Amino acid sequence: MPGATDSHVSKYSIVMMSLIERINNNEFAPGYKLPSENELIKEYNVSRITVRRALNEMETQKYIYRKQGKGTFVNRNRVNESVYRRYNQGFSAMIKSAGRVCTIRQLQKDFRPAGSFSGQLELDPREDCLYYSRIYFADGIPLLYVESYINHHNMVGVENFDYSFISLSALIRQVYGGTVYRKNRAIQSTKAGEAAPYLEVEESDPVLRLTYLSNVHDNAALRPFECAVAYARTDIIPIDAEYL
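My aim in this report is to walk through the structure given alongside it, one point at a time. Numbers given to residues run from 1 along each chain, matching the order in which its sequence is written. Owing to the predicted nature of the model, reporting of local features is limited to residues with pLDDT of at least 70; listing and counting of side-chain atom pairs is limited to 80 or more, with chain, interface and lining totals taken over all residues. The side-chain figures draw on all heavy atoms in the structure; neither hydrogens nor water molecules are used.

### Focus: the overall build of the protein chain
Each helix and strand counted, the protein chain has eight helices and eight strands in total. Accessibility here uses a 1.4 Å probe with only protein chains present; expressed as a share of the type maximum, an area under 20% marks a residue as buried, one over 50% as exposed, and anything in between as partly exposed. Counting the 244 residues in the protein chain, one finds 48% classified as buried. The helix count covers DSSP runs of H or I at least four residues long, the strand count covers runs of E at least two residues long, and both are numbered beginning at the N terminus.

### Comments concerning the sheet that holds strand β5 (residues 141-150)
Only when DSSP finds a minimum of two bridges between them are two strands counted as paired. Reading across the sheet, the six strands line up as β3-β4-β5-β8-β7-β6 and stay open at both edges, with antiparallel pairing between neighbours. Strand pairing shows two members of the sheet lacking a second neighbour, β3 (102-113) and β6 (179-191), which therefore form its edges. Strand-to-strand, the axes of this sheet are offset by a mean angle of 20°, without reference to chain direction. Pairing of β3 with strand β4 (residues 128-138), which is carried by 11 bridges, proceeds in the antiparallel orientation. Bridging across to β4, Lys109 finds its partner in Tyr132. Residues count as neighbours in contact if any of their non-hydrogen atoms are within 4.5 Å of one another. The axes used here are C-alpha line fits, helices contributing only the stretch in contact, and every angle between their N-to-C directions lies in the interval 0 to 180 degrees. Contacting β6 and β7 (206-217), helix α1 (residues 11-24) crosses the sheet at an angle of about 155° to β6.

### Description of helix α2 (residues 37-44)
It helps to recall that an α-helix has 3.6 residues per turn; residues three or four apart then point in one direction. Every buried residue of α2 is listed here: Leu40, Ile41 and Tyr44. Projection of α2 onto a plane perpendicular to its axis shows the buried side chains occupying an angular sector of 105°, all on one side. As for α2, its buried residues are in contact with α1 and α3 (48-60). In the stretch just after α2, Asn45 is the one whose phi turns positive, near 55°. By construction, the arc corresponds to the directions joining the helix axis to the C-beta atoms.

### Description of unusual backbone geometry
The backbone of Asn45 sits at a positive phi, close to 55°, despite the residue not being glycine. Position of Asn45 among the secondary structure elements: in the loop between α2 and α3. Exposure remark for Asn45: the relative accessible area of 54% places this residue in the exposed category.

### A few points about the nonpolar core
By nonpolar core we mean a set of buried residues, namely Ala, Val, Leu, Ile, Met, Phe, Trp, Tyr and Cys, connected to one another through side-chain atoms within 4.5 Å. Judged by nonpolar contacts, the single largest core of 36 residues is most densely connected at Phe91, Leu143, Leu144 and Val158. Apart from the residues lying within four places of it in its own chain, the contact partners of Val158 are Leu130, Ile150, His152, Tyr163, Leu168, Leu171, Tyr176 and Phe225.

### Some thoughts on the packing of aromatic side chains
Any two of the Phe, Tyr and Trp rings considered here, Trp counted by its six-membered ring, make a pair once their centres fall within 6.5 Å; the pair's planes then place it as stacked at under 30 degrees, edge-to-face at over 60, or tilted in between. Scanning all chains against the criterion turns up nine aromatic pairs. Summarising the aromatic geometry, the rings of Phe91 and Tyr136 are spaced 5.5 Å apart at their centres and angled 70° between planes, so their arrangement reads as edge-to-face. One end of the pair, Phe91, is in helix α5 (residues 91-97); the other, Tyr136, is in strand β4, with 45 residues separating them in the sequence. You'll find Phe91 and Tyr136 in the same group, each marked buried.

As structure tokens, this is what we get:
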């Protein structure tokens, strides 16, 4: 996994989030036997200590269980209604769950061609989508910088809201009565780069880069809604994969 060996970012947490992601995407279904420690070491290019710490934490959180002499398995009871209520609730819910005050600063909102995101959003490359960028703060400290490309045709009027007062996920749930499902999530360690000014860090500082596609389910159907790229600081609160 790219960046898993960056010494400035918790290696075990990146491995753990990746494995949880694969469980939530049903790549590792309930009851599935996970790859062995040696296989995970090779796949993620990390040490045995890192893999064991990631697995121990997942066992504590009841994602997995171990059978002596047989291996490590996905817990059949881990995926339940309470988890689904947490999962995909969005960045603001993650910040609030850490006991911090969440505020959002809307930076830019305009229409631009869907371009490379057109396939995932089911739009023509030359067709406009809604571009929206923002910063999430935890107790006034910038935590996440997020850019979204939105198929506004699938959620009419979404461009008219002020997102300084409500998150995109909360808007879908509370105003449109829809449910957000994220897929194609990817998490990797990288350097802040162009996101540095928004996060108030140096360009060379390590951050997590998150990408995902959001689908929205309402009374009609499951429809593609948002492609997003987010950059997250790791020194403020834990980045909990269940909220992404």
